[in-house]
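A look at the structure
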Amino acid sequence: MNPGWIDASLFRDFQAEGTDAHRICTMEDGWVERFGRDILISFKRLLVREQLIQELREWASGTLFNFGRIFARFVPRKSEQREPPRLICGDPTENLQTIATERRLKFWIDFGAGFSVGLFPDQRENRSYVRRIAPKRLLNCFAYTCSFSVSAAYVGATTLNIDLSKKSLARGRESFALNELTTMGHRFIADDVMTVLPRLARKGEKFDVIILDPPTFSRSSGGKTFHVENDFEKLLVASLELTERNSNVLVSTNCSTLGEHALEVMARYGFKAARRAGTFHRSPPLPDFPPGTGASSIWLTLR
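Residues numbered from 1 in each chain as written. Predicted model: local features only at pLDDT ≥ 70, side-chain atom pairs only at ≥ 80, totals over all residues. Heavy atoms only, no water.

**Some words on the overall build of the protein chain**
Let me state the cut-off plainly: Helix and strand labels come from DSSP, where a helix needs a run of H or I of at least four residues and a strand needs a run of E of at least two; each type is numbered from the N terminus. This radius of gyration counts C-alpha atoms alone. The globule rule is 2.2 Å times how many residues there are, raised to the power 0.38. Exposure categories follow from relative accessible area, calculated using a 1.4 Å probe and restricted to protein chains: below 20% of the type maximum is buried, above 50% is exposed, and the middle band is partly exposed. Each accessible area is a Shrake-Rupley estimate made with a 1.4 Å probe; only the visible protein chains count as cover when residues are assessed. The charge count treats Lys and Arg as positive and Asp and Glu as negative. His and the chain ends do not count. The atoms used to mark charge sites are NZ of Lys, CZ of Arg, CG of Asp and CD of Glu.
Along the protein chain, the regular secondary structure elements total 8 helices and 16 strands. Here the protein chain has a C-alpha radius of gyration of 19 Å; the compact-globule value for 303 residues is 19 Å, and the two agree. A burial count over the protein chain gives 54% of its 303 residues as buried. As displayed, the protein chain offers around 14,500 Å² of accessible surface, 49% of which is attributable to carbon and sulfur atoms. Side-chain charges of the protein chain comprise 42 positive and 35 negative groups, with the mean position of each set lying 6 Å from the other.

**Structural notes on the pattern of salt bridges**
Applied cut-off: Between Lys or Arg on one side and Asp or Glu on the other, a salt bridge is scored when a side-chain nitrogen of the former is within 4 Å of a carboxyl oxygen of the latter.
For the structure shown, the criterion picks out 16 salt bridges. Between Glu 83 and Arg 86 there is a salt bridge, with the nearest N and O atoms lying 3.4 Å from each other. Given a relative accessible area of 58%, Arg 86 falls into the exposed group. In this structure, Glu 125 and Arg 103 form a salt bridge, with 2.8 Å as the shortest nitrogen-oxygen distance.

**Considering the nonpolar core**
Put simply, the rule is: Side-chain atoms within 4.5 Å are what join buried Ala, Val, Leu, Ile, Met, Phe, Trp, Tyr and Cys residues into a set we call a nonpolar core. By definition in these notes, contact holds between two residues if any of their heavy atoms fall within 4.5 Å.
Membership of the largest hydrophobic core comes to 32 residues, with the highest contact counts inside it found for Leu 139, Leu 197, Leu 200 and Val 249. Those elements giving two or more residues to this core turn out to be β8 (137–141), β9 (158–163), α6 (193–202), β11 (207–212), α7 (228–240), β14 (243–253), α8 (260–274) and β16 (296–302). For this core, the element with the highest residue contribution is α7, accounting for 6 residues. Apart from residues no more than four positions distant in its own chain, Leu 200 is found in contact with Leu 139, Leu 160, Ile 162, Glu 205, Phe 207 and Leu 242. Grouped together as the second largest cluster of nonpolar side chains are 22 residues, Ile 6, Phe 11, Val 32 and Phe 43 included.

**Looking at the sheet that holds β16**
Under the convention used in this document: Any two strands are treated as partners once DSSP identifies two or more bridges connecting them. To get an axis, fit a line to the C-alpha atoms, keeping to the stretch in contact for a helix; angles then go from 0 to 180 degrees between the N-to-C directions.
Strands sit in the order β10-β9-β8-β11-β14-β16-β15 across an open sheet of 7 strands; the sheet is mixed. Of all strands in the sheet, those with a lone pairing partner are β10 (187–190) and β15 (278–281), marking the two edges. The average undirected angle you get between the axes of adjacent strands in this sheet is 15 degrees. Relative to β14, β11 runs parallel, the two being bridged by 5 bridges. Looking across to β14, one finds that Leu 212 is bridged to Val 251. Against the sheet, helix α4 (residues 147–154) contacts β8, β9, β11 and β14, and its axis sits at roughly 170 degrees relative to β8.

**Some points on helix α3 (residues 124–133)**
Most of α3 sits out of view: 7 of its 10 residues are buried. Looking only at α3, the buried set comprises Arg 124, Glu 125, Asn 126, Arg 127, Ser 128, Tyr 129 and Val 130. Within two residues after α3, Ala 134 carries a phi angle of roughly 45 degrees, on the positive side.

**Thoughts on the packing of α7 against α8**
We count it as follows: Note on angle classes: values under 35 degrees are labelled roughly parallel, values over 145 roughly antiparallel, values of 65 to 115 roughly perpendicular, and the remainder oblique. Take the far helix as your reference; a near helix turned counterclockwise from it by less than a right angle gives a left-handed crossing, and one turned clockwise gives a right-handed crossing. Lys, Arg, Asp and Glu make up the charged group, whereas Ala, Val, Leu, Ile, Met, Phe, Trp, Tyr, Cys and Pro make up the nonpolar group; the residues left over, Gly among them, are polar.
Across the interface, α7 lies against α8 with an axial gap of 9 Å and an inter-helix angle of 45 degrees. Between α7 and α8, the angle falls in the class oblique. In this structure, α7 meets α8 at a crossing whose hand is right-handed. Contact with α7, carried on its side by Phe 232, Glu 233, Leu 236, Val 237 and Leu 240, involves Leu 263, Met 266, Ala 267, Tyr 269, Gly 270, Phe 271, Ala 273 and Ala 274 of α8 and no other residues of that element. Looking at the contact of α7 with α8 residue by residue, the classes come out as 11 nonpolar, 1 polar and 1 charged.

**A few points about the side chain of Asp 231**
Note on placement: Asp 231 falls in helix α7. One buried charged side chain, Asp 231, makes no salt bridge at all; its nearest oppositely charged neighbour is Lys 234, positioned 4.1 Å away. Those residues in contact with Asp 231 that sit more than four places away from it in its chain are Thr 225 and Phe 226.

**Quick look at the sheet that holds strand β5 (residues 86–89)**
Here we have 5 strands laid out as an open sheet, ordered β1-β2-β3-β4-β5, and mixed in their pairing. Pairing within the sheet leaves two strands with one partner each, and these edge strands are β1 (21–27) and β5. Recorded for the sheet is a direction-independent mean angle of 25 degrees between the axes of neighbouring strands. Where strand β3 (residues 38–43) lies against strand β4 (residues 70–74), 5 bridges are found, and the strand directions are parallel. Looking across to β4, one finds that Ile 39 is bridged to Ile 70. Together, β1, β2 (30–35), β3, β4 and β5 form the strand contacts of helix α2 (residues 46–63), whose direction differs from that of β3 by roughly 150 degrees.

**Observations concerning helix α5 (residues 166–178)**
Our working definition: The span one expects for a helix is its residue count, reduced by one, times 1.5 Å. For this analysis, a polar contact is any N or O atom pair within 3.5 Å, provided that within protein one partner can donate a hydrogen and the other can accept it, and provided that sequence-adjacent residues contribute only side-chain to side-chain pairs.
With 13 residues, α5 extends 18 Å between its outermost C-alpha atoms, agreeing within 8% with the 18 Å of an ideal straight helix rising 1.5 Å per residue. Where the residues of α5 are buried, they touch β6 (97–102), β7 (105–110), α4, β9 and β10. The backbone nitrogen of Lys 167 has a side-chain oxygen 3.4 Å away, supplied by the residue at the start of α5, namely Ser 165. Glu 180 sits one or two residues past α5 and shows a positive phi near 55 degrees.

Shown next as structure tokens:
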């Protein structure tokens, strides 16, 4: 068995804490994630996909995990070539949606909605940190399906969610309902983040937690583009206008060229440009993600 598979004790730990959305294997050209009883295989080479399917069955037998369907998605070099996962094992007449849980919170997963299925397991500890600090007002930029906001709302926060996609925000509302959380007092804005942030600043709005986890690249309906390597600093400076003393800002990215050190450099520039000061800290490492995999993240605490 490839050593990239998590062991049975870690699998049981996830079960005990009420988490069934996590990584179960990582290798050089592919990885395997669990969402409820369903499996998602991401691969860069077809031979790796076949290897992962075979090893999955061996791992599941040894772990006593009775999984359901298997979906697979090819990971291309260019993000615009990404396609939704394909069902390769299971009943094709079943609904492509399912429910996954993370520390007892529930999230909708949709294998037919696009390349991303609705929840990023590598942000699990950052979502847990939001629950621990229990903010009053959270701003979720590039909110996608609003998983950070569900975590914040669960501990009493009001949230503002910004994303270009109305469909993604609608899925976020569904996850609120799934956890019996009202959306009253929560705002969902389908617009360009870089357009909305200055408007919020002019209104004098402040937030004690801001989530900055942008895509590597995005394009608005008006043709405006966001390149994380070029525009992250500008995004951070604009967001700092919405913070007060002791506010927390998550700076995170999956861009392979921006590691934690690069994020720190950008954060220091942001502090200087905004004439602010603060400290850095990181959430605990994820036991199901080997070092160097998953999103790079740092938290900023404003002074």
